[in-house]
Every structure is written in C-alpha cells, then in structure tokens.
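Read off the chains here:
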Amino acid sequence: MVSDGPDTDTFTFETSGSTVEVTWSDRLQDFYEEFIYKPGLVAWDDRRTRIGAAIMSIYVLMGILGAWFYPAPESNQVERGLGPFETLSAPLGSTGSGEDVLGMVIHATPEMLIMVMSGGIFATGVAVLIGTVAGYKGGTVDRALTSFSDVAMSIPGLPLVMVLAVVFRPRDPVLIGVLLTINYWAGLGRSIRSQVLTLREESYVEASRTMGVSTSRILFKDIIPNLMPFVLVNFANAARYVVFASVGLYYLGVLPSSVDNWGLQLENAYSQEGALVGGEALYQLIAPMIAIMGIALGLILLAQGLDRVFNPRVRTRLAGESEATAGNEDRETNTEVNM
Amino acid sequence: MVEYGDQSEEPFDRRRFLQLTGVASAVAVAGCANLVNNGDDENESPRHVSHVNQVPADIQWNSSNPANTPQITNRALFDPFVKYNFKTSEFIPYAISEWNFGGNTFELTVRDGLTWSNGDDVTASDIATQLRIGLYTGEPYADFTESIKTPDDSTVRLQFDSTVNEQIVTFQILADRFVHQKESEFGTYLETLKNDEQKGLKELGDFAYREPIASGPFEHDSVGQEQLRLTLRDDHPDADNINFDEYVFEYRESNQQAQQALQNGAIDSAFSLFVQTDILENFPKKVTQIQTPSNWGYGLYPNHSDPHLSDRAVRQAIQYVINRAQVRDNVSPDSKTAPEYPVGIASDNQQEWLGDAIDDFDTYGVDSTATEQATQVLEEAGYKKQNGTWVDSDGETVELPIMVPSDWSDWNTATDTVVDQLSQFGFQATKETRSYDAMLGNVFPNGDFVVAAAGWLYGSPQGSFPYFSLHHQLVKNNDAVTYNYPAADGSRGGNREDVTVPARSGSGTITVNPAERLSELAGSTDESTVNEITVEQAWVTNQDLPMLPVLEKVEQTFITGGEEWDIPKPDAEVAQVQWANTWLPRQGEMQYTGN
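Residues numbered from 1 in each chain as written. Chains lettered and ligands numbered in written order. Predicted model: local features only at pLDDT ≥ 70, side-chain atom pairs only at ≥ 80, totals over all residues. Heavy atoms only, no water.

This part takes up the overall build of chain B. Counting its regular elements, chain B contains 18 helices and 28 strands. Taken against the 2.2 N^0.38 rule, which gives 25 Å for 595 residues, the C-alpha radius of gyration of chain B at 25 Å falls within 12% of a compact globule. For chain B, the spread of C-alpha atoms along the principal axes amounts to about 80 × 55 × 45 Å. Across the 595 residues in chain B, those meeting the buried criterion constitute 58%. Excluding contacts between residues fewer than 6 apart, the proportion of contacts in chain B whose partners are at least 24 apart in sequence is 68%. Total accessible area computed for chain B in this model is approximately 23,100 Å², and 40% of it derives from carbon and sulfur atoms. Across chain B, the 39 positively charged side chains and the 93 negatively charged ones have centroids separated by 2 Å. (Helix = DSSP H or I, 4+ residues; strand = E, 2+ residues; numbered from the N terminus. Rg over C-alpha atoms; globule rule 2.2 N^0.38 Å. Buried < 20%, exposed > 50% of the residue type's maximum accessible area, 1.4 Å probe, protein only. Contact = heavy atoms within 4.5 Å. Areas by Shrake-Rupley, 256 points an atom, 1.4 Å probe, with all protein chains shown as cover. Lys, Arg positive; Asp, Glu negative; His and termini not counted. Charge placed at Lys NZ, Arg CZ, Asp CG, Glu CD.)

Interfaces are often sized by the amount of accessible area the parts lose when they come together. Counting residues at the interface gives 19 residues for chain A and 25 residues for chain B. Buried surface at the junction of chain A and chain B, summed over both partners, amounts to about 2,000 Å²; 38% is from carbon and sulfur atoms. The largest per-residue losses of area from chain A upon contact with chain B belong to Tyr 270, Gln 272 and Val 277 of chain A, which jointly make up 28% of the total buried on that side. If you look at where chain A meets chain B, you find one salt bridge. Taken together, chain A and chain B are joined by 11 residue pairs in polar contact (both at pLDDT 80 or more). Here the side of chain A that touches chain B is built from residues that sort into three nonpolar, 10 polar and six charged. (Buried area = accessible area lost by both parts, 1.4 Å probe. Salt bridge = Lys/Arg side-chain N within 4 Å of Asp/Glu carboxyl O. Polar contact = N/O pair within 3.5 Å; in protein donor to acceptor, adjacent residues only side chain to side chain. Nonpolar A, V, L, I, M, F, W, Y, C, P; charged D, E, K, R; others polar.)

Under the UniProt annotation, the feature "domain: ABC transmembrane type-1" (unreviewed entry) is placed at residues 113-303 of chain A. The annotated region residues 113-303 of chain A carries 81% helix and 0% strand content, and the separation between its end C-alpha atoms amounts to 16 Å. (UniProt positions renumbered as here; feature names shortened; annotations may be inferred.)

A few words now on the UniProt feature "transmembrane region" (unreviewed entry) in chain A. Residue and element names in this part refer to chain A. Mapped onto the present numbering, the UniProt feature "transmembrane region" (unreviewed entry) falls on residues 51-70, 112-136, 148-168, 227-252 and 281-303. With 95% helix and 0% strand, residues 51-70 has end C-alpha atoms that lie 25 Å from one another. Within the segment residues 227-252, helix and strand shares are 100% and 0% respectively, and the terminal C-alpha atoms sit 37 Å apart.

A word on unusual backbone geometry. Residue and element names in this part refer to chain B. The omega torsion across Ser 460 and Pro 461 is -15°, close enough to zero to call that bond cis. With respect to the helices and strands, the residue Pro 461 is situated in the loop between strand 22 (451-455) and helix 15 (466-474). Residue Gln 578 is joined to Trp 579 through a cis peptide bond whose omega torsion reads -10°. Looking at where Trp 579 falls in the secondary structure, it is placed in the loop between strand 27 (565-566) and helix 18 (580-583). With a phi close to 50°, Asn 387 is a non-glycine residue in the positive phi region. With respect to the helices and strands, the residue Asn 387 is situated in the loop between strand 18 (384-386) and strand 19 (389-391). Its identity as a non-glycine residue notwithstanding, Arg 496 has a phi of 50°, on the positive side. As for its placement among the helices and strands, Arg 496 is situated in the loop between helix 15 and strand 23 (499-502). By relative accessible area, which is 39% here, Arg 496 ends up partly exposed.

Here the focus is a negative patch on the surface. A cluster of like negative charges, contributed by Asp 112, Asp 121, Asp 152 and Asp 153 of chain B, occupies part of the molecular surface. When you line up the elements, Asp 112 of chain B lands in the loop between strand 7 (105-110) and helix 3 (124-136). (Patch = residues over 30% accessible without salt bridge, like charges linked within 9 Å, V, L, I, M, F, W, Y side chains within 5 Å.)

Strand pairing within a sheet occurs via backbone hydrogen bonds; the two strands may be parallel or antiparallel. Residues and elements named next belong to chain B. Strands sit in the order 21-20-22-16-25 across an open sheet of five strands; the sheet is mixed. The sheet is open, and its two borders are formed by strand 21 (428-434) and strand 25 (548-549), each paired with just one other strand. Here strand 16 (residues 298-302) pairs with strand 25 via two bridges, running antiparallel. Note that in strand 25 the partner of Leu 300 across the bridge is Leu 548. (Pairing = 2+ DSSP bridges.)

Pairs may arise between side chains of opposite charge once their charged atoms sit close together. Residue and element names in this part refer to chain B. Tallied over the entire structure, the rule returns 31 salt bridges over all chains. Between Arg 312 and Asp 544 there is a salt bridge, with the nearest N and O atoms lying 2.6 Å from each other. Residue Arg 312 is found in helix 9 (residues 312-321), and its partner Asp 544 is found in helix 17 (residues 527-544); the two are separated by 232 residues along the sequence. Among the charged side chains, a salt-bridge network with shared partners connects Arg 517, Glu 520, Glu 532 and Glu 536.

With that settled, consider the confidence of the model for chain B. Residues and elements named next belong to chain B. Summing up the model confidence of chain B, the mean pLDDT is 90 and the portion of residues at 70 or higher is 92%. Overall, residues 1-42 carries pLDDT values under 50, and its contacts beyond four positions in sequence, including any with other chains, amount to 68 contacts. Both scores are available for the predicted complex, with the pTM at 0.82 and the ipTM at 0.76. (pLDDT = per-residue confidence, 0-100.)

Here we take up the nonpolar core. Residues Leu 108, Leu 131, Leu 158 and Ile 173 of chain B are the most contacted members of the largest nonpolar core, which totals 113 residues. Among the elements that take part in this core, helix 17 of chain B stands out by supplying six residues, more than any other. Other than its neighbours up to four places away in sequence, Ile 173 of chain B contacts Phe 81, Phe 106, Leu 108, Leu 131, Tyr 141, Leu 158 and Phe 160 of chain B. The next biggest cluster of nonpolar side chains, apart from the first, holds 44 residues, and it includes Ile 55, Met 56, Ile 295 and Leu 302 of chain A. (Core = buried A, V, L, I, M, F, W, Y, C linked by side-chain atoms within 4.5 Å.)

On to the confidence of the model for chain A. Residue and element names in this part refer to chain A. Across chain A, the average pLDDT comes to 82, with 85% of residues at 70 or higher. In the predicted structure, residues 1-8 sits below a pLDDT of 50 and forms 11 contacts with residues beyond four places in sequence or in another chain. Low pLDDT, under 50, characterises residues 323-339; the predicted model gives this stretch 33 contacts beyond four residues in sequence or across chains.

What follows concerns a nonpolar patch on the surface. A surface patch of nonpolar side chains, amounting to about 710 Å² of accessible area, comprises Val 60, Leu 61, Ile 64, Leu 65, Trp 68 and Phe 69 of chain A. For Leu 61 of chain A, the location among the structural elements is in helix 2 (residues 47-69).

What follows is the structure, given as structure tokens:
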C-alpha cells in the first residue's frame, strides 16, 4: 500500500530492502483496478446489478432523450379520456383534460432523476463527512458529531419534511431532494462511523498517521475509498427513499404542484379523474405506478448487486485473485430493504 | 301575501305507517344496510345516512363563531326561515310563515306550533334575539335597520332608517337563515353586546355550541369522530311527514370517498358533491342526481396591487385568452357551465336584466382563445412579446401564479387548463396550491396572491338577484378577499374610488362610483332606477373586470331511491330546493319504504 508526500510526484516506500517507485499513472492504474474495475467486475457478475443498471439506463434515456423528443403534456393536446393503446398520439391514453398520460410519465422523469440524485448525494455526502470525521478523530469531535447525529435521528423525518415543505414550498428539484433527506443521513452516518472505527486501526492508516500525513489526506485517500462500496449501496437506498417520499408528499399535496412528478400524476388521477371510483380512469393510476415501481426496482437491484462488492471474499474470488471461495458461488448478501 | 304551501296536502302519518307495517316489516327489512341496532332489545329502526365532510365531533352550531360551523347538519337540526325554489324563483314559507314589506318596515310572522327540542315554543323573542345579534356581527341588514321589535309573541318587526329595495331586504333577512339562536342560550351574549360590544363579540365568537337545542325535525343525539346521529322529534310540526327515526351524518373526508360511499350504498345521500360525468355514469341507477343552480362558480381574483394585473389591459387579455367552454369541458360539462358574458350577474339572469343592452357587452370569446384581441389590447398598453413571453415596457415578464384550493379537484382541473391556455399565449402562468383553510385564513385576508381562484358570484339564492353579485365583485366580496380593487371597500383593500370605463354606446368614457351607485340601488323602490344601475354596473364589471369569470357551477345533490327510498323525480318542483336531502323529508317526499 502506498501513500505520497505533499510535494512530490513520486514516492518511495522502503520495505525490507526493496524499493518500489510508483508513478502517477501507476497510481491511477491502481485506483482504477482497486476501486472501479474490480468492484465493477464483482458487481457486474451479479445479474441483479446488470438488470438494475439496465433499468436505470432506461430512466436516464427517458429523462434525457424522451423528455427532449416526446411532446410535453398539456391540456387538450389530444382527445379527452382516451383509453390506453387506442391511438398512437397518446399510447397510454389521455386524461379528462386531454393530456397525454405517457407524456406526463416521461416529462416527470428528468426532475425525478435530479431529485433522486441530489437527495442521494446530499444524504450520503453528509453521512460520509460526519461519519468519517467522527470515527477518525474521536474524542470531543466524535462526541459532538455523534450527538448532532443523534438529534437528527431522533426528529421524526416525515413531519419535519412536511413542515419544511409547507414553509419553504421549494420548486427546484435539487432543493426538494435535499429537503426530503434532511435527516436521512443520520443513521447512515452512524454506520459509517462504526466502519471508520475499525479502519482507523488498520496498519496502513497507522503508517500514514505515523508519517505525519494530514487528517484530511488520510480520510480522503485511506479511509473513504474503502467505504465507497458501502456508500454506493446506501446511495441507491437513499435514492429509492427520495422516490417514495417525493411521490407520497406530492400525493398529499404538501409539495408545490408546479413541478412534474409521478406522485402528482397519481394525485390527479385519484382526485380529478376519480380513478378509484368506477375504474374507468384506472389506467391513469397504473402508468405512474409502473414508473415508480420500475425505478424503485432498478435502485433496489442496483443496491443489492453493489452489496456483493462489500463482501471481500466474493469480491476477491471474482476479481481473479483467489480460488479460496469456490463453492460459495451462490451465496448472496442482501442489503436491508426499507419499504 | 304568501300562503304556507304544503299545509293543504294530507301529511303522511308516520304512526299509521308503523301500524301498517308492524313488527313483521321491521324484521323483513333487517337485512338492509342502513338499519341500526339500538341496543340489547334488538329493536331496529329505519335511518337515513348522509355525508358530511367535517369531522362530526369538531362541529359546533354557533353561527357567530367562525370555527367549525356546520355545512349541512344544521339543515336537519334547525328550521329555515324560508326556502328558495329555483324552479319557481319564489320563496317558500317555513319557520317564518308570512312576511310583510312596508317600504321602511319588514314584519315577520313565526309559524304556529313551532317548538324547540327542549319543549319550549319558538317565539318572536327568539327570532328577534338572533336578528339583533346580527346587527352587531355585521349582517348586511345592519346597514339600514334602525330597530327590531316584537309587537306580540309571533311577530317580529324590523324598522329601517330609510326606504330600501324589497328584493334586497327579503333576500338579506329571509334567505339562508335558520331558527337556531334560542333566547335562553344566546340572550346573555346579546346583553353583553349591548353593554360592551367588543367583549360581547369576543365571548360570542368563542362560544362553541356543542349540544344544540334544535328547532328542526331532528334533534342532537350523539356525536363521534366518524358519525353524528340525530333522532326524530315527535313534536315538530312536520314530524308526521317523516317515517324514519334517525338521520345520521357519516364523515367522508374527500369527494372521492363520498363518491365511493354513494356507489357502494354506504350512504343514502350527499349534498353539493362534485361528481365527474364518467363517474356519474357508473353510479347505481337508484342514485338520483338533483341539479340546482348555484349562482356561483370558479373565477379568478386578480390582485389589483400587482404591477401587471392593475393594468386593465392585462386583465382583459387574460379574459380573452381563457377559452371558457374548453375549461368547462375539461372539468365536467354536466356540472359546469361557461358564462356567456363575463359580468357580475349569474348566467341565468343575464338576459333578463341586461335586455337589449346585452349586445353591447363583450363576451371575450366564450369558446375560443381570442389571441388576436388579447395581443392587440396588450400591445396598445405597451406590452410586447420577447422570446415567446409577454413583457412590459420595462422588460418585466408577466408572471401569473394562480393559487387554487388543493382540496377542490374540479377547480384544480380548471386551473390546469387555464394555466396551459395562458402559457401557450405567452404569459408565464403556473398553478400554486394551498388548502382552502389556508386560503381563508391567510391568503385571502392578507391579499397574499397574484391571482386567486375564488367564487366570482355571490351564490345561492342571493345570486339570483344581480345586486348581490355586482356588490360582491365591485365593492365587498363575501369571501373577505383583500384584492385591492380601488373601487372596493376598505375592508377589501380599496378606497371606494370612481371607475372610468369606455361608454357603453358610442365613443368617450363614463366615470361612476360603484359603491355609491349600488348603495343607491339598495335604497330604491323604483324599478327603472334598479334596472338602469344594474346595467350600468354590469357594464363596469364587463369592461374593468374586477374579477375574471370562468365557470358557473351546477349544484349536484344525490339521493338514493330504488326500493329503499321513495323520492320524487329530480326535476320535480319540490326537489328544486337546496338541499333536497334535508328538505324533502320535511315535505313527506323522501319516504323510507323498507324494501
């Protein structure tokens, strides 16, 4: 394991008589091997990752190309109350106001994805920052940050989000994503802190510390990279939480209705179209439900697939470095799923 | 003078019905959904189950306390002074059996035999008490009433300080008023009001009337979070017309829940429930829809302090752009109408009151998006289109966030369509939602909006007489919205200023003061003066657009008939009274058949 000094492009690490010179390209190569290729190989070997990634690609395409090319929904763009598969101008039918249901699903996607990304990044980012600093520094810093996490964790999430949403009425999907995960990071932060408590005792961290490497460098170069798989798994879970929370709050009418969202589409189908009375407009409920279920499924599969990366034995074997785990091929580890 | 209409008819004898049907029929109907088990003795009695969208336990029946006042349950518990029939356009006497107008007096006679549920007679003194309380709480008749006296036990006489219009007095004193503030319960508040008005208003406004003494055919029995149970009073004059013992109101929070309850037979009736056409088609055949005019509907209140909406050109452009017929069709063509002329008069009465002058009025395109006219009027006012968006001479974009009650589904559909129409034209329009309670509590009184969706007409039955809706648009709307129209009352953010609009015929302009002119109308008994002012002020609303009319509502009341309930046809004269599910039982026209 290597670590570099602050003022040099190369670093020499002496061990029992041998000298190894590591260049930037070597280090990039190492980084690629260690943190992208091998985890990717391990993850890709799991069919859940492949399916999850494929599903998410569909949403990304829908959010970028679909929203670009497919006409935006607006009232009276097609005939009112069309059923699904009646006409190509509105393949999934239209609302009582003549809005294309498929258009509504597609054009809600970009903002959903932005919301999901911002919520995921915020939740995992704050959790990593607080968890690693608390775990590594210990002492007063740890106590302060842990207490802060405890406070955040003890505030009931949904009521807090509802109050903030009503007061600030955010329109920007980035802000909405952040708002929805306003205290979601706390639990994750505590888990990361526990991970860091073990990592900080590792010999290479110890070595860096002995050599006087700064705390920030140790955190960013020695500790956080080792947490990445765990963080990625939780990123996917946080993203799924944002999908459900946003849909729920739009459905309840807590978030402003000027932003396209599948939850809003569900609410419209229920309250304006009476989709649950008589069943005539049920298809208007089903379309956004499929979109929500699809993205949730994609994120769950991705999270479960990435979870394998976290299992060092499976990872090592699949990366071609050891045969020791033969026979455990079918073993799967699952992330806890919080619906 | 008006006669008490239904007394000549032979009333249905409830006791005779029970004798005829006997215990055997009670057993026979035991399987019906709406029978109630009254306890250990397993006696079962017929009941009518209706819908209420307020948590029953929260309702209080003091109308002078603005919190949690009832929306329908009061109509079973208390007798109305009179009822208005929309088919005949006449008042039907009820708790007030006669009334006499004398120019500057108005005399009411209390119906003979009317009692409270505690056994006391309903006296003129009870009626006078609540009318006197109204003098302090700002009832409209307080503006011209000098005194209220009770010459005898059954007569109440109001003395006015000047001559007033008979129609206005009749609507203001009789319509939508109930016998509900018994002197023994409310007299103490009246005494306090006389001695210290502020203290009296505070005490009265805080009083939650939880166990009301009823004057109507049903009395308060029990209440919970989900259900209010009323039981029949044998000593009510119309009790013999009613052959079921209980009237139950069950809580359904949303329109959709009430629709589902009607569809699966969990409730027997629902008042003023919006039901879309396709849902209506799926209702069981036994569910009858009774439609009555509402003289009310979805309109837009521009905030006249907004830099753009204070410009008449922008208001006119918006009115031109909105395709009202398209909005109506998107919401529900069966329960909404598109007003032909955007004026402060309900559609049904526009032709009658405007007469030949109606051709001078601008329709602003009832079934089209009149983009050419909108463009012309905006460009003349110095607006121009920049990158597809309308901006003013300073380059400021015309932003139109339209605030709508989140819990009113039909209004949300209407707003979505309006937003699309305005956006396509180049206005930066968006929809904003708030709960109706929030709109009433903060948004309306504080004028905290750019455009707010609210009722542009006064509402039934007063909305049948143009004065009320013109007054509502121009001077003092009854939603208490601070919309900052300069001609409006100070309580609505105005200064009762003059308005200058183009002359109705020919060139030039006219300048009038709506507050003064409508006050003149209210004090006039001369028909031609009333007509002249009505046309003139309607013209002001049509040209200056203090509010933007979009839709009119047709009230939908639903009653389950079939084999369980014998009800009249929806267009029967007796059914054209609001709300049929509380009026028909009194008339013996909603009978439980027990099949």
